[in-house]
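Notes for the structure review
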Amino acid sequence: MSRAVYNALLITEDSDSSDFEEEMSAFNVCVRKIKTFNPRIDYFNLLDENEFIRRFRLKKSTFDKVLNEIVDQIKNSTDRNNSIDPIIQLLVTLRFYATGNFLITVGDFGGISVASAGKIVERVSYALAFLSSRYIRLPETPEEKMELKVQFYGLARFPKVIGAIDCTHIKLQCPSRENGELYRNRKGYFSLNVQALVNANLEFMDVVVRWPGSAHDSNIFANSRLKARMELPEFSDCIILGDSGYALSHYLLTPLARTTTNAERLYNESQIRSRNVVERTFGVWKRRFPVLFFGLRLKMETTMAVIQACAVLHNIARLQRDPQPPDDIENIKQLLSAEISEIEAATQPQINSPAQALRNALVIEHFSVL
């Protein structure tokens, strides 16, 4: 600051304000714009239960449960500068998940700036993603495994099944010029290929959110912790079901490429009907949080956190028996649902003779007597 400007600032208290402004303008000193705060509406108390669910995708009681889980991670250390309450932060984040809009739209909805909206979505998404170990997990006790087997058997009489596996694509903006093409999937758009193992209640038991859209489903599974877990003795009497894009193994059973006997046809029908729960889960998941359907325009680390956070919230909503999300995205069911009778043309080469023998034995022993 020049000596002249410094002297201009040393104005006595009885100086006229207009004279002060004239002197400051003479030195081209910019006066800081007065900061304004937009009103922040209390949607939790303003809206009734049905309207709240439509806008935020969770019941009020479920919202309270989620808020209590993460409040310590997202609350501000001080109330200075009109800090944003945790309840507003969670509402803004859920609104972003429920609409898939630009951050500026969500910010206007919550009465905050677009910069604050971006920081809030990132902070809350990470806090929710950290709950994965509590809400997204494989069965651990024999009782839990038996319960899953009974639930799957009730669907289509397929024995020993604890889960169904598949992948789904989440749209992205082009990540970068250097490696952007890695994220272009076979349908031509940029995405993350997200692997999920689900149970018969449409709940996630394992989610992998890190592979680009060009990665093949079987390659994701081959390099996953889930594969290593399934090969351990603790899951020796358990089966997961996948489509014919996966390699057949003693714990991952796929459909038969060709059927000749009635038992083989029954096996395929039961396998596909049981496996269909994973497609149904993806449909419910993306209807509940349409941001996953429309795509994400955030930095990669935040995008992964948002996807993981939505999986956690989906499981919490299922556990709390929240209502099914509305079908307010046109034709989303047709876009996400798999045909029950369809077997994908592109199959993995079945070179594992012991696994083929196990599948054949299952066909003969179980499905030939139905």
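Named according to an unreviewed UniProt entry, the protein chain is DDE Tnp4 domain-containing protein originating from Macrosiphum euphorbiae. Check the Subcellular location (unreviewed entry) section of the UniProt entry for the protein chain; it says "Nucleus".

The next point concerns a nonpolar patch on the surface. Judged by side-chain polarity, Phe 102, Ile 104 and Val 114 come together as a nonpolar surface patch covering roughly 300 Å² of accessible area. Note that Ile 104 resides in helix H7 (residues 103–110).

All right, on to the packing of aromatic side chains then. Applying the stated rule across the entire model yields 17 aromatic pairs. Here the aromatic rings of Phe 52 and Phe 63 are separated by 5.6 Å at their centres, their planes lie at 85°, and the arrangement is edge-to-face. One end of the pair, Phe 52, is in helix H4 (residues 49–56); the other, Phe 63, is in helix H5 (residues 60–74), and eleven residues separate them in sequence. Ring plane angle 90° and centroid distance 6.1 Å describe the contact between Phe 221 and Tyr 246, whose orientation is recorded as edge-to-face. Remark: Tyr 246 occurs in the loop between strand E4 (239–241) and strand E5 (252–253) and Phe 221 occurs in helix H11 (residues 217–222); sequence separation between them is 25 residues. Residue Phe 221 is classed as buried on the basis of its relative accessible area of 6%. Taking relative accessible area as the criterion, Tyr 246 reaches 1% and is therefore assigned buried.

This brings us to H7. An α-helix turns once every 3.6 residues. As a result, residues three or four positions apart point the same way. Looking only at H7, the buried set comprises Leu 103, Val 106, Gly 107 and Gly 110. The buried side chains of H7 occupy one side of the element, clustering within an arc of 105° when seen end-on. Contacts made by the buried residues of H7 are with helix H6 (86–99) and helix H8 (114–129). A positive phi of about 70° marks Gly 111, the residue just after H7.

With that out of the way, let us pick up the packing of H6 against H7. The contact between H6 and H7 brings their axes to 10 Å, and the two run at 140°. As the angle between them shows, H6 and H7 are arranged oblique. Here H6 and H7 pass one another in a crossing that is right-handed. Here Ile 88, Val 92, Arg 95, Phe 96 and Thr 99 of H6 come into contact with H7, specifically with Leu 103, Val 106, Phe 109 and Gly 110. Its residues assigned to classes, the contact of H6 with H7 shows six nonpolar, two polar and one charged.

With that settled, the discussion passes to the pattern of salt bridges. Pairs can form between side chains of opposite charge once their charged atoms are near each other. Applying the stated criterion across every chain yields a total of 14 salt bridges. Salt-bridge contacts for Arg 184 lead to Glu 181; the nearest nitrogen and oxygen are separated by 2.8 Å. For Arg 184, a relative accessible area of 31% gives the class partly exposed. Measuring nitrogen to oxygen at the nearest pair gives 3.4 Å for the salt bridge that ties Glu 234 to Arg 229. Judged by relative accessible area, Glu 234 falls into the partly exposed class, the value being 35%. Each of Glu 51, Arg 54 and Arg 55 takes part in salt bridges that share partners, so that together they form one network.

Here we take up H5. Along its length, H5 shows its largest kink, about 40°, at Asn 68. Buried within H5 we find Lys 60, Thr 62, Phe 63, Val 66, Leu 67, Glu 69, Ile 70 and Ile 74. Buried residues belonging to H5 abut helix H3 (43–46), H4, H6, H8, helix H9 (132–135) and helix H15 (300–319).

So, on to the sheet that holds E4. Through backbone hydrogen bonds, the strands of a sheet pair up, either in parallel or in antiparallel fashion. The mixed open sheet is built from five strands, whose spatial order is E3-E2-E1-E4-E5. Each edge of the sheet is formed by a strand with only one pairing partner; in this case those strands are strand E3 (204–212) and E5. Across eight bridges, strand E1 (residues 161–171) lies against strand E2 (residues 191–198) in antiparallel orientation. Bridging from a neighbouring strand, Thr 168 pairs with Val 194 of E2. Set on the sheet, H15 makes contact with E1, E2 and E3; between it and E3 the angle comes to about 165°.

How each quantity is defined
Residues numbered from 1 in each chain as written. Predicted model: local features only at pLDDT ≥ 70, side-chain atom pairs only at ≥ 80, totals over all residues. Heavy atoms only, no water. UniProt positions renumbered as here; feature names shortened; annotations may be inferred. Patch = residues over 30% accessible without salt bridge, like charges linked within 9 Å, V, L, I, M, F, W, Y side chains within 5 Å. Areas by Shrake-Rupley, 256 points an atom, 1.4 Å probe, with all protein chains shown as cover. Salt bridge = Lys/Arg side-chain N within 4 Å of Asp/Glu carboxyl O. Helix = DSSP H or I, 4+ residues; strand = E, 2+ residues; numbered from the N terminus. Phe/Tyr/Trp six-rings, centres within 6.5 Å; stacked < 30°, edge-to-face > 60°. Buried < 20%, exposed > 50% of the residue type's maximum accessible area, 1.4 Å probe, protein only. Arc of directions from axis to C-beta. Contact = heavy atoms within 4.5 Å. Axes fitted to C-alpha atoms, helices over the stretch in contact; angles between N-to-C directions. Parallel < 35°, antiparallel > 145°, perpendicular 65-115°, else oblique. Left-handed = near helix turned anticlockwise from the far one by under 90°. Nonpolar A, V, L, I, M, F, W, Y, C, P; charged D, E, K, R; others polar. Bend = angle between axes of the 7 residues up to and from the residue. Pairing = 2+ DSSP bridges.

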